[in-house]
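Spelled out, the chains give:
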2 protein chains.
Amino acid sequence: MENANFRTQILTRHLQNHAVDSSSGAAVSRAPCLSYAPPEASASFDVSSMRKLMDGHNLGERDWLFNLMAQSKLFNPRLRGGKVFVAPDYNQSMEQQREMTMKRIQYLLDRGVFEGWMTGTGSEAEMRKLALLEVITIFDHSLAIKIGVHFFLWGGAIQFFGTKRHHDKWLRATETYLMKGCFAMTELGHGSNVRGIETITTYDPRTEEFIINTPCESAQKYWIGGAANHATHTVVFSQLNIEGKNEGVHAFITQIRDADGNICPNIRIADCGHKIGLNGVDNGRIWFDNVRIPRENILNSVADVSSDGKYLSAIKDADQRFGAFMAPLTSGRVTIAVSAVYMAKMSLAIAIRYSLTRRAFSITPNGAEVLLLDYPSHQRRLLPLLAKTYAMSFAGNYLKLLYVRRTPQLIKTLHVVSSGLKAALTWHNMRTLQECREACGGQGLKTENRIGQLKAEYDVQSTFEGDNNVLMQQVSKALLAEYVATKRKNKPFKELGLEHMNKPSPTIPSQLSSSIVHSSQFQNDIFCLRERDLLNRFAAEVSKYQAQGESKESAFNASYQLAEDLGRAFTDLAILQTFVEAENSASDASLKNVLSLVRSMYVLVTLDEDPAFLRYGYLTTENAAVVRKEVANLCSEIRPHALALVDSFGIPDAFLSPIAFDWVAANAWSASQD
Amino acid sequence: MENANFRTQILTRHLQNHAVDSSSGAAVSRAPCLSYAPPEASASFDVSSMRKLMDGHNLGERDWLFNLMAQSKLFNPRLRGGKVFVAPDYNQSMEQQREMTMKRIQYLLDRGVFEGWMTGTGSEAEMRKLALLEVITIFDHSLAIKIGVHFFLWGGAIQFFGTKRHHDKWLRATETYLMKGCFAMTELGHGSNVRGIETITTYDPRTEEFIINTPCESAQKYWIGGAANHATHTVVFSQLNIEGKNEGVHAFITQIRDADGNICPNIRIADCGHKIGLNGVDNGRIWFDNVRIPRENILNSVADVSSDGKYLSAIKDADQRFGAFMAPLTSGRVTIAVSAVYMAKMSLAIAIRYSLTRRAFSITPNGAEVLLLDYPSHQRRLLPLLAKTYAMSFAGNYLKLLYVRRTPQLIKTLHVVSSGLKAALTWHNMRTLQECREACGGQGLKTENRIGQLKAEYDVQSTFEGDNNVLMQQVSKALLAEYVATKRKNKPFKELGLEHMNKPSPTIPSQLSSSIVHSSQFQNDIFCLRERDLLNRFAAEVSKYQAQGESKESAFNASYQLAEDLGRAFTDLAILQTFVEAENSASDASLKNVLSLVRSMYVLVTLDEDPAFLRYGYLTTENAAVVRKEVANLCSEIRPHALALVDSFGIPDAFLSPIAFDWVAANAWSASQD
């Protein structure tokens, strides 16, 4: 009834305000009845300062690259509602998308984007490279992955596993794309379990050559980005068999195409075919038919073979040797985790801007329809994800610094933190993309509006470079190993952020109040309590199974429920601590004020959503009710800052999408006639 | 170390078993080292009986249609690993996919698939139609939607809103595709809020014509499936303005293209463009420029306009009139909910079969690598979703029967149940697709393996024909209305499954045991307890807000947390009750035995995952621990039945995907040369 009255009013207004075409009998003329109003700006803080805190580094170079892409026809600019948007044309076939990706790389190369990516040294060069890759991923994941495979995987393997002879020959050539590299590790039969790969390399001392062979179908290299169309060289990972003894996985350089793009002799290549996303990357499969390569092509920083065929390695233990080969791959997890956060930012910027301009239903008899973001339930859908994205953005910045400043002492921490954050941040991104897509209704399904397409493009992140579940288990195993070793030595904890376990267990007040749950002390305490308790429980359960005669591996596998809870507890705490640090480093009080709301939301919504807090008794039901109420309160407190918080992401309008702006104009008949 | 030893053994075996090519120095020959072994069959029950229980009806006709599709080149058959698979080519452009979809419809039409879809009467005809649509959706969502728009939306509107003159003219013509219909309800500015649409229709008594007009850009019809390319006619939903008074939303038939496909005068049509899925459906936008249609074209079962321009309706109340127009749309929610369950079945059949043939890591020094489904954590990922899919499949069958046997008395129940199940089943499907995609690792991303692509194709389900969140709120509002009315009358509850509230509140034992949690009595009790308690809490909170002066609508909006919990409680209970009924109807003990495990899993994993049980005290932490342990136990109890449980879905091999079968052969070099 209320709506009917409201509609009548609107119709009456039409009839009164507009000329009547009496000849046709039509009682209304064509005029906008529901018009677009831009979101109300109400920033309580300086958006550019917040952006600086969020992006963290290389802001000028980011903006330079954004502009470079937005200016070129190669980046598919389209006019919608008076604004230009750039995004790939995903209605192109796989083959077309691949060629466009290669053309875009050439364009960026010609303009100096990759300058110093292989030959630069020091943490500044690394941070610049990471910043530019983040900007590229905002345009298109295929473009970022194709570049990432060439520089971070192929180039990284040369840098980390190679020695001077390889560096001299390949680093500059890689930087200038004199050749195109790929990275052949995964096989059809073995992905996560790299040690199980079946490619075999032997050595022929007579010719001083290695012979690389694919002994069976399951050993075919699989998912090799760049292999299907463009790559000329690859790093091959293979078992190395010397004098009848398997020395484990090693890496070798092999040419797979000549400069004209013809596949080399004894190499066979097939396409991985169409994928649900990332179709701009030419993933291929490779078979090696006793391919001979010079002895110098072994990447010999970890181990080598002498000209007369003796195996040489400074590292005697095969496990350690394997670990040395894997450690530099951390760069992959770092870039994946950080790019996941940027996609969450993209989708939230779009969905929140839309929710500030789209109305549905009125709740008072004569009132206007209500903005989506003024519905408490819509706030609850988007604002906690916004808070988590802030938290994870700070965690991503921390992870990048940990990576570029890595020392041998920090390798373990880096491995554990990057594993946990890669899993947590990519899962968060997929959840955020899904919620934002649904929050935009049908508009979220239009490819031009980006969010829906991002789901397909980024889905790969939860399983590549380590399946998230496997990574989380590795986190818990590492924590347990640290726990057992520390207890055995009867010494204080001093690694992996477990130092809090040296102190007495924190006490959670029996009656929480709004002011308590907002304090960072309480927030830190309850996250520490959870990690400590779950680690104790996990250790107890594993040793219980071992006491029953189970192997360590079986005991781990049987304790998966606690292992998962513990992995989450570790990453949530690590994220909170980076948030607190970022908050402390914020330049002024207005930033600190809004960040403290956002931090509280991050913690409280975690308490509200994860049943572990109630299950293990860290929260009583009464305290859980206080938390739940506070989440709803925080929604309305953060609501006025929502626009400024997403504007602080620093993503230029052209890289967002039409529904983030005047979507009525973007959908006008006149716009469809361009 | 263990792995290194294991690898050495395998390599040694290669060296011993295979001829050495001494001339090249290669120590191994090409032979399968990791070979495919089909999953071990160990059915403890009759798969065909279970299939009968699951599919429920029209099994022969389903198989007939599966075969019809598998036989035709139009359905894109491809040979992989010695088996033929059918699936659309999603590497085609939107334009190509649309044309293929239309060709497939013609093929099905020519073979009599649609016989009786409009002219048949009775529940048998309706069930046959639903069964065939389910089979079609298993091949491709675009094909099902394009057919669904023509028959269920256009055709349904003619059936339900039209009268004899419309039936005579259109039903047979629709069934034989003499014309192609679409359904123009949604506008750019209004989707969920249909009452807010802005298209205006007036009446000209001089010519006895209606005049349909799009007064502004936000009133353009949007997402109209079929409009962009193929449809010749549409049902237009529009405000009806008679003698200056708005009578609310009514439906009219309008021709939009002539038989040659030319757009009619005063109609403008634009494309909705590329979408993340469903690109075989030509969604379009329509503007009406004072389009004149004969008076007879109003669908007049609810209301009419006399030749001299008087508004006539048997239903005086505008709200009721609006409700009468919306009620028949329930068919959309029914088919969406049911097809969502079939997609969950598809993805579980594929992921579980893969997990029974794919191995990763060994856990004993000399052991083989472990099958994915033998990892407790992998069981925990897939088997609870399998149990939920069984439960929801039974709920889908119940919903279909409720729909085809609908009576005026059941309209409210049908509306509430179909709203809740549409939301629950489509959300479950998206979650299942995502988990199955990740459980298949990279293989889940290959389009040919279906699961990943299904995510994009079915994502639309959570927002079309009613946004899931809005639908769930409607469920809670309906329950509250029933609650308030019943309390006011001081009578027993007798609708919407609330009858259990007439009895005393069930008591949950203070100490649960394994045998208690397996009993259907306990399971029903705790679901009833949750619904009862949440309904009481919701009613109390809404009236508290109203007592503070809030409007009913505002009070609802503020109580969204409880509304969401209550909506879930209602649907979970409804699903459980359909499960128990199906279990009771099962033909033999072996079926009943496995179904009781599956039912327990469905309930216990719900208790484990939804924090509401702990939050509101339905479970103590001790009891929650019992439940959690039992979920892990059930995983290993269901594991031996997993293959038979997915085989019971009755989906022919050709409609699954290569990784569900011999994926080594499917990826062999020889297969890539076809």
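Residues numbered from 1 in each chain as written. Chains lettered and ligands numbered in written order. Predicted model: local features only at pLDDT ≥ 70, side-chain atom pairs only at ≥ 80, totals over all residues. Heavy atoms only, no water.

Chemist: Please set out the pattern of salt bridges residue by residue, giving values where relevant.
Modeler: Residue and element names in this part refer to chain A. For the coordinates displayed, the defined rule picks out 94 salt bridges over all chains. For the salt bridge of Asp289 with Arg268, the shortest nitrogen-to-oxygen distance reads 2.8 Å. Note that Asp289 is positioned in the loop between β10 (283-288) and β11 (291-294) and Arg268 in strand β9 (residues 267-271), a separation of 21 residues in sequence. By the burial criterion, Asp289 is buried, and Arg268 matches it. Among the salt bridges present, the one from Arg431 reaches Glu609, with a minimum N-O distance of 3.1 Å. Pair noted here: Arg431 is in helix α11 (residues 411-439) and Glu609 is in helix α18 (residues 589-609), with a separation of 178 residues, a long-range link. You can call Arg431 partly exposed: its relative accessible area is 37%. (Salt bridge = Lys/Arg side-chain N within 4 Å of Asp/Glu carboxyl O. Helix = DSSP H or I, 4+ residues; strand = E, 2+ residues; numbered from the N terminus. Buried < 20%, exposed > 50% of the residue type's maximum accessible area, 1.4 Å probe, protein only.)

Chemist: Pulling in residues and values, what's your account of the interface of chain B and chain A?
Modeler: Contacts between chain B and chain A engage 123 residues on the former and 123 residues on the latter. The junction of chain B with chain A conceals about 10600 Å² of combined surface from both sides, 53% of it contributed by carbon and sulfur atoms. The largest share of the area that chain B buries against chain A comes from Arg615, Arg628 and Trp669 of chain B, three residues that together contribute 7% of it. At the junction of chain B and chain A, the tally comes to 8 salt bridges. Here Asp459 of chain A ties to Lys455 of chain B by a salt bridge, and the two come within 2.6 Å at their closest N and O atoms. Summed over the shared surface of chain B and chain A, the result is 55 residue pairs in polar contact (both at pLDDT 80 or more). The residue makeup of the side of chain B that touches chain A, split by class, is 44 nonpolar, 46 polar and 33 charged. (Contact = heavy atoms within 4.5 Å. Buried area = accessible area lost by both parts, 1.4 Å probe. Polar contact = N/O pair within 3.5 Å; in protein donor to acceptor, adjacent residues only side chain to side chain. Nonpolar A, V, L, I, M, F, W, Y, C, P; charged D, E, K, R; others polar.)

Chemist: Can you lay out the packing of aromatic side chains for me, pointing to particular residues and giving the numbers?
Modeler: All names here are of chain A. Tallied over the entire structure, the rule returns 54 aromatic pairs over all chains. Taking 5.6 Å as the distance between ring centres and 85° as the angle between the ring planes, the aromatic pair formed by Trp154 and Trp170 counts as edge-to-face. Of this pair, Trp154 sits in helix α6 (residues 141-161) while Trp170 sits in helix α7 (residues 164-175); the two residues are 16 residues apart in sequence, bridging distant segments of the chain. If you follow Arg104 out to its NZ or CZ, it ends over the ring of Phe75, 5.7 Å from the centre. In this structure, Lys345 packs its charged tip against the face of Tyr342, placed 4.1 Å from the ring centre. (Phe/Tyr/Trp six-rings, centres within 6.5 Å; stacked < 30°, edge-to-face > 60°. Lys NZ or Arg CZ within 6 Å of the ring centre and 35° of its normal.)

As far as function goes, none of this settles anything; it's purely spatial.
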